[in-house]
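Chain by chain, the residues:
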Amino acid sequence: MSVWVNGRPRTTLDYRDRGLQYGDGLFETMRVLQGRIRLLEYHLARLSEGCKRLRIDTPGAAKLRRELERIAAGRNNAVLKLIVTRGSGPRGYLASGRERTTRITALHALPASIIGGAAAVRVRLCSTPMSVNAHLAGLKTLNRLDSVLARAEWRNARLWEGLMSDPEGNWVCGTMSNLFLRHGARLATPLLDRCGVTGVMRRWVLENAAGVGLHVEQRRIRCKDLVSAEEIFMSNALVGIRSISAIERPAAATVRIMSTQAARRLRARLDAL
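In what follows, the accompanying structure is described.

Rules behind the numbers
Throughout this document, residue positions are counted from 1 along each chain, in the order its sequence is written. pLDDT decides what is reported in this predicted model: residues at 70 or higher carry local features, side-chain atom pairs at 80 or more are listed and counted, and totals for whole chains, interfaces and linings draw on all residues regardless. Where side-chain values are given, they derive from all heavy atoms of the structure, hydrogens and water being excluded. The helix count covers DSSP runs of H or I at least four residues long, the strand count covers runs of E at least two residues long, and both are numbered beginning at the N terminus. To sort residues, take the accessible area from a 1.4 Å probe on protein chains only and compare it with the maximum for the residue type: under 20% means buried, over 50% means exposed, and anything in between is partly exposed. In this analysis, two residues are considered to be in contact whenever any of their non-hydrogen atoms come within 4.5 Å of each other. Expected span of a helix: the number of residues minus one, times 1.5 Å. Strands were regarded as paired on the criterion that DSSP finds at least two bridges between them. Our working definition of a disulfide is a cysteine sulfur pair at a distance within 2.5 Å. Nine residue types can take part in a nonpolar core, namely buried Ala, Val, Leu, Ile, Met, Phe, Trp, Tyr and Cys, and a core is a set of them joined through side-chain atoms within 4.5 Å.

With that out of the way, let us pick up the environment of T29. Of note, T29 is situated in strand β3 (residues 25-33). The exposure class of T29 is buried, given its relative accessible area of 14%. Taking the C-alpha atoms as reference points, T29 and A237, separated by 208 residues in sequence, lie 6.9 Å from one another. In contact with T29, not counting residues within four places along its chain, are H43, V79, L80, K81, K140, A237 and L238.

In structure tokens, the structure reads:
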């Protein structure tokens, strides 16, 4: 792993940084392929929107792009994580307004389980719900305790991911991924107006679904929708699109999904980028 803080090789951080103290910041996790960052413009756009909503000074877009591209150059099959915080400041929730943005960039090896991982996987339903806050909905903030608690619910290596609902029982997303269900030519994904993260790969699927003959809708997803779906897949920036073969449910029969055709068409389109 290699780490840079504000563009310089470093591994230390001011303990007063508001990202550490309060989770006051955002992050992007990016896939590096053959020296290029996949969907870089989508990542930069989401980061800029998040900074605007949290009123954090946005790092200069051109400078940040050059920095990320320089780090990714010559690398293949890597994970590039960018954290942006409001910066260091005095104790207390109220920011002074004099903070200077901190950006932390780390380059990691890509987990072996992701390389060439096109096989359908098993997931489970989690009991930990997503916290609802419309003011933060869609943002990839540093506050990820919902996902941390949900991910602690299983250690079975046969399970790839866990699905999380809101407190009303609407299925929203995975601990690290977005959810899609297909019925015929209709592709549904959860509406993320109250909680959840608007993934960059989710955005790509929404923009490219029509190109493979799918009509997309964003709506509430219930258990009956999972049971009746012809196909289910999930997405994130690292794995791309991952087909689901089965959903394990506590005290209920496992949901089995046979079709992977839409995911395969979308993956082929993604691989052509």
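For helix α2 (residues 40-54), built from 15 residues, the straight-helix expectation of 21 Å at 1.5 Å per residue is met to within 8% by its first-to-last C-alpha distance of 21 Å. Considered for burial, the residues of α2 that qualify are L40, Y42, H43, L44, R46, L47, G50, C51 and L54. Among the structural elements, β3, β4 (36-37), α3 (61-72), β5 (78-85) and α5 (200-208) are those in contact with the buried residues of α2. Once α2 finishes, R55 follows within two positions and takes phi at roughly 60°, a positive value.

Taken across its 9 residues, β3 has 8 buried, putting it largely inside the fold. In the sheet, β3 pairs with β4 via 2 bridges, with the strands oriented antiparallel. Looking across to β4, one finds that L33 is bridged to R36. Between β3 and the antiparallel strand that follows it, β4, lie 2 residues; Q34 among them carries a positive phi value of about 50°.

Bringing the state of the cysteines into the picture now. Scanning the model with the defined rule gives 0 disulfides in all. Not part of a disulfide, C195 finds its nearest cysteine sulfur in C173, a span of 6.9 Å. Relative accessible area serves as the criterion here: at 6%, C195 is assigned to the buried category.

Once that is clear, we can look at the nonpolar core. Of all hydrophobic cores here, the largest spans 23 residues; its most connected members are L163, L179, L226, I232, I244 and I247. Listed by contribution, the elements that provide at least two residues to this core are β7 (121-125), β8 (159-165), β10 (178-183), β13 (231-236) and β14 (240-248). With 3 residues, β7 is the single largest residue contributor to this core. With sequence-adjacent residues up to four places away left out, I232 is seen in contact with L179, F180, L181, L226, S243, I244, I247 and I257. L44, I56, L64 and A72 belong to the second largest nonpolar core, which has 21 residues in total.

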